[in-house]
Amino acid sequence: MKVDVLLGLQWGDEGKGKIVDVLAPNYDIVARFQGGPNAGHTLEFEGQKYVLRSIPSGVFQDGKINVIGNGATLDPALFKAEVEALEGSGHCLTDRLYISKKAHLILPTHRLLDAAYEAQKGNEKIGTTGKGIGPAYTDKVSRNGLRIGDLDHQFEEKYRNAVARHETLLRQMNFEYDLASLEKEWFEGIETVKRFQRIDSDHFFHKALAENKKILAEGAQGTMLDIDFGSYPFVTSSNTICAGACTGLGVPPSKIGEVFGVFKAYCTRVGSGPFPTELSDATGQLLRDRGREYGSVTGRPRRCGWIDLVALRYAIQIDGVTQLMMMKSDILDTFDTIKACVAYEIEEQEIEDFPFEINESVKPIYVELDGWKTDMTKMQSEEEFPEEFNAYLSFLEENLGINIKIVSVGPDREQTIIRYNNL
Ligand code: GDP
Ligand code: IMO
Ligand code: MG
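What counts, and at which threshold
- Residues numbered from 1 in each chain as written.
- Chains lettered and ligands numbered in written order.
- Predicted model: local features only at pLDDT ≥ 70, side-chain atom pairs only at ≥ 80, totals over all residues.
- Heavy atoms only, no water.
- Helix = DSSP H or I, 4+ residues; strand = E, 2+ residues; numbered from the N terminus.
- Rg over C-alpha atoms; globule rule 2.2 N^0.38 Å.
- Buried < 20%, exposed > 50% of the residue type's maximum accessible area, 1.4 Å probe, protein only.
- Contact = heavy atoms within 4.5 Å.
- Salt bridge = Lys/Arg side-chain N within 4 Å of Asp/Glu carboxyl O.
- Donors = N, O, S within 2.8 Å, 3.2 Å for Na, K, Ca; no water.
- Phe/Tyr/Trp six-rings, centres within 6.5 Å; stacked < 30°, edge-to-face > 60°.
- Lys NZ or Arg CZ within 6 Å of the ring centre and 35° of its normal.

Caption draft 1: The arrangement of the overall build of the protein in detail. Across its full length, the protein holds 11 helices and 20 strands. Relative to the 2.2 N^0.38 estimate, which gives 22 Å for 423 residues, the radius of gyration of the protein is 21 Å and therefore close to what a compact globule would have. Its C-alpha atoms give the protein principal-axis dimensions of roughly 65 × 50 × 40 Å. Relative to its 423 residues, the protein shows a buried fraction of 57%. At a minimum sequence separation of 6, the contacts of the protein that also span at least 24 residues come to 76%.

Caption draft 2: The arrangement of the pattern of salt bridges in detail. Counted under the stated rule, the structure contains 24 salt bridges. Between Asp-200 and Lys-101 there is a salt bridge, and its shortest N-O distance comes to 3.5 Å. One end of the pair, Asp-200, is in the loop between strand S9 (197-199) and helix H7 (201-210); the other, Lys-101, is in the loop between strand S7 (97-100) and strand S8 (104-105), with 99 residues separating them in the sequence. Linking Glu-293 and Arg-302 is a salt bridge whose minimum nitrogen-to-oxygen distance equals 2.7 Å. Per residue, the accessibility class of Glu-293 equals that of Arg-302, and both read buried. Here the residues in one salt-bridge network are Asp-13, Lys-264, Glu-293, Arg-302 and Lys-328, joined through shared partners.

Caption draft 3: Structural detail: the coordination of the magnesium ion (ligand 3). Protein coordination of the magnesium ion (ligand 3) is provided by Asp-13 (OD) and Gly-40 (O), with donor distances spanning 2.1 to 2.2 Å. Of this pair, Asp-13 sits in the loop between strand S1 (3-8) and helix H1 (16-23) while Gly-40 sits in the loop between strand S2 (29-32) and strand S3 (41-45), placing them 27 residues apart in sequence. A relative accessible area of 22% means that Asp-13 is categorised as partly exposed.

Caption draft 4: Region of the structure containing the packing of aromatic side chains. All chains considered together, the criterion is met by 18 aromatic pairs. Taken together, a centroid distance of 5.5 Å and an interplanar angle of 45° make the contact between Trp-11 and Phe-275 tilted. Of this pair, Trp-11 sits in the loop between S1 and H1 while Phe-275 sits in the loop between strand S12 (267-269) and helix H9 (282-290), placing them 264 residues apart in sequence. In terms of burial, Trp-11 and Phe-275 fall into one category: buried. With 6.2 Å between their ring centres and 15° between their planes, Phe-155 and Trp-186 make a pair best called stacked. Of the two residues, Phe-155 sits in helix H5 (residues 155-172) while Trp-186 sits in helix H6 (residues 179-194), which places them 31 residues apart along the sequence. Phe-155 gets classed as buried once you look at its relative accessible area, which sits at 9%. Among the aromatic residues, ring-to-ring pairing joins Phe-155, Tyr-159, Trp-186 and Phe-187 into one connected group. Here the basic side chain of Lys-214 rests over the ring of Tyr-27, its NZ or CZ set 5.1 Å away from the ring centre. A cation over a ring is seen here: Arg-413 above Phe-45, with NZ or CZ 3.8 Å from the ring centre.

Shown next as structure tokens:
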């Protein structure tokens, strides 16, 4: 058996959580391999809506094991809140959620450092989620991080040393803070973490593969937020791309199977950074309103624009996507015409390959297609698709060079159309 990987292909919030939930019945194990509580993955079914941050989106399917992998970061305080919310709504997680001993901890001072670095950047700020992601990964890479496995070995001393180091940095930046209350909820969170099995996840995955178990790796963020290939420096601090699943779970590249690429029928972005197809006009507002494009956790309005096929082709290439999944098609249901950016104009040159840097001088070159002006939200099969929608799909498939396997026509689990059933 191989590990299938599901990834966001844009700037996050593509609808990954919904699709993992839809696909999870086909798998034995669902695993997160990077990121942390900067993620907000929304699932809707049976009239209920859930937002997951650190916990994999397979958690609502009975009998599935969910793993927080070594490449992920975990904030115990936020994890406790997430666990309590799920358990409060009747979803028992004990024995179904494992945490890698090699996953890194986000300390309360990482959150403070995140805020301090952002304040220092002023107008140049990244617009992070404020969850301490950057500082936690910085400590990992600089070999100063604390891991879940450290909880059992002189943890208090390691924690105090790390906090002392962070406090020196905070003082240097003249950043005012109150650590005591943050620490209290953090240590309460540690007790919640200790309720779960902390595993040697690398061995766990190798054994699972040897036993022919089916594994789905759930990406967080999106390819355009990848630390190496995204719109640097306006990116997150982990490898969100397919290769991240290998380092973030400890599985070899030869064990990667299908790569599911998830994208919205248009484009959104939260936080700062370039966004060539952004619409700051009434059309952008219409996308925001119809798509309810406000952060699932932070409530921040998401920036909206037309689909960017230059960036999408790049993401597909970097990730080695084998099947595409188009989300939120229904949001375009009322549009007379729909635009798709097929190339960029940079200094009077037409560019089809994603450039080193995208900035204000990049002008999108659009193709305009007819809208379908039909409510798609109740459709059950592709036979019902309007002609113009089929034309939009064919145009995208031809431009991107891959088939679109799933079309999502609403937030609910049921509003999902699988086009040819060989999943
Ligand atoms: P993720 O971070 O990739 O899991 O995506 P988010 O959950 O942050 O954002 C996607 C939002 O779109 C959520 O509110 C979903 O409930 C919603 N959603 C997902 N698919 C569809 C769809 O096909 N149509 C509509 N209208 N909403 C969708
Ligand atoms: P999901 O998994 C959308 C963005 C932030 C910011 C940048 C860096 O729900 O798709 P960070 O806190 O990671 O240091 O912020 O990345 N960002 C996301 N945008 N969806 C996400 O996750 C994101 N996680 C981080 O807005 O621009
Ligand atoms: Mg999200």
